[in-house]
Amino acid sequence: MISKISFSVVSISLFLGLALATIDEEQAGEVDFSYINGPTGPSNWGKLKPAFSPCSSGKNQSPVDIKTNDAVLNKNLAPLSLKYTALANATLINWGFIMGLHFDEGIGGMEINGKNYAFKQLHWHSPSEHLIDGERYAAEVHLVHEAEDGSSAVVAMLYQYGNTIVDLDPFLAKLKPGFEKLSKEKYEKNKVSQVPVGILPTGHITRNTRKYYRYVGSFTTPPCTENVIWTVLHKVRPISKEQVAALKAPLTAEYKNNARPEQQLNGRQIELHDELE
Ligand SMILES: *[C@@H]1O[C@H](CO)[C@@H](O)[C@H](O)[C@H]1NC(C)=O
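Residues numbered from 1 in each chain as written. Predicted model: local features only at pLDDT ≥ 70, side-chain atom pairs only at ≥ 80, totals over all residues. Heavy atoms only, no water.

An unreviewed UniProt entry lists the protein under the name Carbonic anhydrase, from Xanthoceras sorbifolium. According to the UniProt record, the Catalytic activity (unreviewed entry) comment for the protein is "hydrogencarbonate + H(+) = CO2 + H2O". What UniProt records for the protein under Subcellular location (unreviewed entry) is the sentence "Plastid, Chloroplast stroma". (UniProt positions renumbered as here; feature names shortened; annotations may be inferred.)

## Here's the deal with the overall build of the protein
Within the protein one finds 5 helices and 16 strands. Across the 277 residues that make up the protein, the buried fraction comes to 53%. Relative to all contacts within the protein whose residues are 6 or more apart in sequence, the contacts with residues 24 or more apart total 70%. Just so you have it, the protein exposes about 12500 Å², and 51% of that area is on carbon and sulfur atoms. (Helix = DSSP H or I, 4+ residues; strand = E, 2+ residues; numbered from the N terminus. Buried < 20%, exposed > 50% of the residue type's maximum accessible area, 1.4 Å probe, protein only. Contact = heavy atoms within 4.5 Å. Areas by Shrake-Rupley, 256 points an atom, 1.4 Å probe, with all protein chains shown as cover.)

## Quick look at the site of the ligand
Inspection of the region around the ligand gives Asn89, Asp104 and Ile199 as its neighbouring residues. A distance of 2.4 Å separates an oxygen atom of the ligand from a polar side-chain atom of asparagine 89. In the complex, 41% of the free accessible area of the ligand, which totals 370 Å², lies under the protein chains. (Near = heavy atom within 4 Å. Polar contact = N/O pair within 3.5 Å; in protein donor to acceptor, adjacent residues only side chain to side chain.)

## Topic: the pairing of strand E4 (residues 87-94)
Of all 8 residues making up E4, 6 are buried, and the element is well covered by its neighbours. Linkage of E4 to strand E5 (residues 99-103), two consecutive antiparallel strands, is achieved through a turn of 4 residues, within which glycine 96 is found at a positive phi near 95°. (Pairing = 2+ DSSP bridges.)

## Some points on the state of the cysteines
Considering all chains together, one arrives at 1 disulfide under this definition. Across the disulfide from cysteine 55 sits cysteine 224; the S-S distance is 2.1 Å. Between cysteine 55 and cysteine 224 the sulfur-sulfur dihedral comes to about 90°; the bridge is accordingly right-handed. Remark: cysteine 224 occurs in the loop between strand E13 (211-218) and strand E14 (226-233) and cysteine 55 occurs in helix H3 (residues 54-57); sequence separation between them is 169 residues. (Disulfide = S-S within 2.5 Å.)

## Concerning the pattern of salt bridges
Per the counting criterion, the structure on display carries 7 salt bridges. Residues aspartate 65 and lysine 67 are paired through a salt bridge, measuring 3.2 Å at the closest nitrogen-oxygen approach. Its salt-bridge partner being aspartate 274, residue arginine 210 comes within 2.6 Å of it at the nearest N-O pair. Within this pair, whereas arginine 210 is found in the loop between strand E12 (193-201) and E13, its partner aspartate 274 is found in strand E16 (residues 271-274), the two being separated by 64 residues in sequence. Using a relative accessible area of 36% as the deciding quantity, one classes arginine 210 as partly exposed. (Salt bridge = Lys/Arg side-chain N within 4 Å of Asp/Glu carboxyl O.)

## Remarks on the nonpolar core
Ranked by size, the top nonpolar core spans 53 residues in total, and within it Leu101, Phe103, Leu122, Trp124 and Leu143 carry the most contacts. Looking at which element gives the most residues to this core, the answer is helix H4 (residues 170-184), with 5 residues. Once residues lying within four places of it in the same chain are set aside, the contact partners of tryptophan 124 are Leu92, Ile98, Met99, Gly100, Leu101, Glu140, Val141, Leu172, Leu175, Phe179, Leu247 and Asn258. One finds Phe219, Trp230, Val232 and Ile270 within the second-largest nonpolar core, a separate group that totals 13 residues. (Core = buried A, V, L, I, M, F, W, Y, C linked by side-chain atoms within 4.5 Å.)

## Focus: the sheet that holds strand E9 (residues 135-136)
One open sheet accounts for 3 strands, arranged E1-E8-E9; its pairing is mixed. Two strands lie at the open edges of the sheet, namely strand E1 (65-66) and E9, each paired on one side alone. Bridge count for E1 against strand E8 (residues 131-132) is 2 bridges, and the pairing is parallel. When the sheet's bridge partners are listed, isoleucine 66 is paired in E8 with isoleucine 132.

Next up, the structure:
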């Protein structure tokens, strides 16, 4: 997931206002990491700048492989309640290395252990970053939430290819014209391109939360900051090949596959919440 984004943000801050409060001005600059093995690839992210050092020195990194047999049922984990406004005004953004959707302020959020986390943005990785029992899926969406103290909680949902027309993700379907518009724009380095997509219904985002995995990890893009509370939904959603292609289309070749490799658990335990158990 992304939080501190390596871009010059001055020109767009007028449009996005507080939605971009998570961007660290110190990180402003060009995208200087990639997903391709080599000097700027994932195994070297931690060396690219001092601020990125957690990417190599961190012991609680994300994503991870969720081995379902090793996940421990924790009856103290509360049901996941994503309380978003029914409708949310959004802007689709090409960050260069990822496609994201930023929301206006005040669209609700989630609560974990009595702490409130406001819903800020979502973005897509393809293929998926988290694995379930060693399997990598077609795509993954990260719903990024932030508390007043700056700490983050991310809800991840995985997608696999579906076969029929009804398998299309309805939320992505609504964004199709926006993706098309952005893919026609030539992406320029250091310039974030965006298109307002208007009011979106949020209802189907919050479905199928009965069973989830919980662990503490990190952002999956530099600076790989830790202490992020991850919630990975067990339910894998359907997506079409065309929708995955649409997610990748506006990105330049080196970012079309934007999944960070699997990170070691280093003794962390993944917990399971299941309302039926
Ligand atoms: C939605 O966001 C866009 C882009 O920021 C803005 O121009 C528009 O006025 C907003 N619409 C509503 C209803 O808030």
